[in-house]
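Descriptive structure summary
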Amino acid sequence: VLAATIPVTSHLRSLRATGVLMVRSARNIVRNPAVMLLRFLMYQALCLMLGSVWWDTRKNIIAGDISEITARIWGISTFFVLCSISVLPAFLEDKAIMIKERANGCYGAFAYSFVATIVALPFLFLLSTCVGATVYGCLHLNDTEGRLFLHIMNIFVTLAVAESVIALVSTIVPFFVVGIAASATVMAGFFAVEGFLIKVQDIPPGWRWMHWVGFKSYSFKNFMHVEFDGRTIGADLNAVPPSSVDFDGANVLKAFECEDQNFWLNICIMMCMLIIYRLLAALWTHYFHLGKR
């Protein structure tokens, strides 16, 4: 009877510790201005700046607008992902506390990683909804019914994966400056091979693998799908190359190798990446951050 009771008691104790940790983490997000308020203001300021830059762009796009619109799409996701590095100081602060508490048996590395992921998602969804709606309206993106929701969902998952990358980096690096350098290097690598700056087929074989493992590749394809799928591009004789007739947005997707994309499949792939990054962070913590009592 005792042998059967001990595992149950231990299991309940772990669940209780996880619940307490989740409540405390949620309170920290609300109370810590660096985690919530400042990031919200930073993203909103960025959206308003981008919106004011492209405010006068036409809603009915023509062939000559394609390069500008694709740059707009790439810029939105890139700037938002770069801003995710701002959460690094909070992650490093939480790591120092976690190492001490884990050494005293309060909870395990996997419970900490699970709680950090779950607690962050509602805030990220709120942030994505606010900034996504703001930038979507200001930049006059595709206003077909349902596209705004897809736009917000793609921003949400993109930011969630980006934050998971930062969480992994913060787990590995010992100092803030090293973390910034490492995070910026990883993100820049993903930006370079996502399919906007260079076509996938033109990427050297030695680097092409990075396109498939980088979450920004799938995020960019989804943004392109939301904007151009089913949309008609107006004729423009001044475009390069000139177009004398209207054409379908599928031609733009094909030019950027984004045709035949499944939006929700790309979302699932990015969610899998989120889980992998969080698991890697938990494994690193489990084996290398033992701490002292």
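Thresholds applied
Residues numbered from 1 in each chain as written. Predicted model: local features only at pLDDT ≥ 70, side-chain atom pairs only at ≥ 80, totals over all residues. Heavy atoms only, no water. Helix = DSSP H or I, 4+ residues; strand = E, 2+ residues; numbered from the N terminus. Buried < 20%, exposed > 50% of the residue type's maximum accessible area, 1.4 Å probe, protein only. Contact = heavy atoms within 4.5 Å. Areas by Shrake-Rupley, 256 points an atom, 1.4 Å probe, with all protein chains shown as cover. Lys, Arg positive; Asp, Glu negative; His and termini not counted. Charge placed at Lys NZ, Arg CZ, Asp CG, Glu CD. Polar contact = N/O pair within 3.5 Å; in protein donor to acceptor, adjacent residues only side chain to side chain. Axes fitted to C-alpha atoms, helices over the stretch in contact; angles between N-to-C directions. Parallel < 35°, antiparallel > 145°, perpendicular 65-115°, else oblique. Left-handed = near helix turned anticlockwise from the far one by under 90°. Nonpolar A, V, L, I, M, F, W, Y, C, P; charged D, E, K, R; others polar. Salt bridge = Lys/Arg side-chain N within 4 Å of Asp/Glu carboxyl O. Phe/Tyr/Trp six-rings, centres within 6.5 Å; stacked < 30°, edge-to-face > 60°. Lys NZ or Arg CZ within 6 Å of the ring centre and 35° of its normal. Expected span 1.5 Å × (residues − 1). Core = buried A, V, L, I, M, F, W, Y, C linked by side-chain atoms within 4.5 Å.

**Digging into the overall build of the protein**
Counting its secondary structure elements, the protein contains eleven helices and two strands. When the helices and strands of the protein are read in sequence order from the N terminus, they spell out α-α-α-α-α-α-α-α-α-β-β-α-α. Across its three principal directions, the C-alpha atoms of the protein cover 80 × 40 × 40 Å. Buried residues in the protein amount to 48% of all 293 residues. Intrachain contacts of the protein at a sequence separation of at least 6 include 77% that bridge at least 24 residues. Summing over all exposed atoms, the protein offers an accessible surface of approximately 14800 Å²; the carbon and sulfur share of this is 69%. Here the protein contributes 22 positively and 19 negatively charged side chains, and the mean placements of these two sets differ by 18 Å.

**Thoughts on the environment of Thr 129**
The topology assignment puts Thr 129 in helix 5 (residues 109-138). Put simply, Thr 129 and Met 153 are 24 residues apart on the chain and 8.2 Å apart in space, counted from C-alpha to C-alpha. One polar contact links the side chain of Thr 129 to the main-chain carbonyl oxygen of Phe 125, over a distance of 2.8 Å.

**Remarks on the packing of helix 2 (residues 37-53) against helix 3 (residues 66-83)**
Where helix 2 meets helix 3, the closest approach of the two axes is 11 Å, and the angle between their N-to-C directions is 160°. By the angle between their directions, the pair helix 2 and helix 3 is classed as roughly antiparallel. Here helix 2 runs over helix 3; the crossing is right-handed. In contact with Met 42, Tyr 43, Leu 46, Cys 47 and Leu 50 of helix 2, helix 3 contributes Phe 79, Phe 80 and Cys 83. When its residues are assigned to classes, the contact of helix 2 with helix 3 shows eight nonpolar, no polar and no charged.

**Details of the side chain of Arg 102**
Mapping Arg 102 onto the fold places it in helix 4 (residues 88-103). Although Arg 102 is buried, it makes no salt bridge; Glu 101 carries the closest opposite charge, 11 Å away. With sequence-adjacent residues up to four places away left out, Arg 102 is seen in contact with Tyr 107, Gly 108, Ala 109, Thr 285, His 286, His 289 and Leu 290.

**Describing the packing of aromatic side chains**
Here the structure, examined in full by the defined rule, presents ten aromatic pairs. A cation over an aromatic ring shows up here: Lys 221 above the ring of Tyr 218, its NZ or CZ 5.6 Å from the ring centre.

**A closer look at helix 7 (residues 176-192)**
With 17 residues, helix 7 should reach 24 Å at 1.5 Å per residue; the first-to-last C-alpha distance of 24 Å fits that figure. What helix 7 keeps buried is the set Gly 179, Ser 183, Met 187, Gly 189, Phe 190 and Phe 191. Packing partners of the buried residues in helix 7 comprise helix 3, helix 4, helix 6 (147-172), helix 8 (205-213), helix 9 (215-228) and helix 11 (263-288).

**A word on the nonpolar core**
Judged by nonpolar contacts, the single largest core of 75 residues is most densely connected at Phe 80, Met 187, Phe 215 and Phe 228. The greatest single-element share of this core, amounting to 13 residues, is contributed by helix 6. For Phe 228, the residues in contact, after removing those within four places along its chain, are Ile 61, Ile 69, Thr 70, Ile 73, Ile 233, Gly 249, Ala 250, Val 252 and Leu 253.

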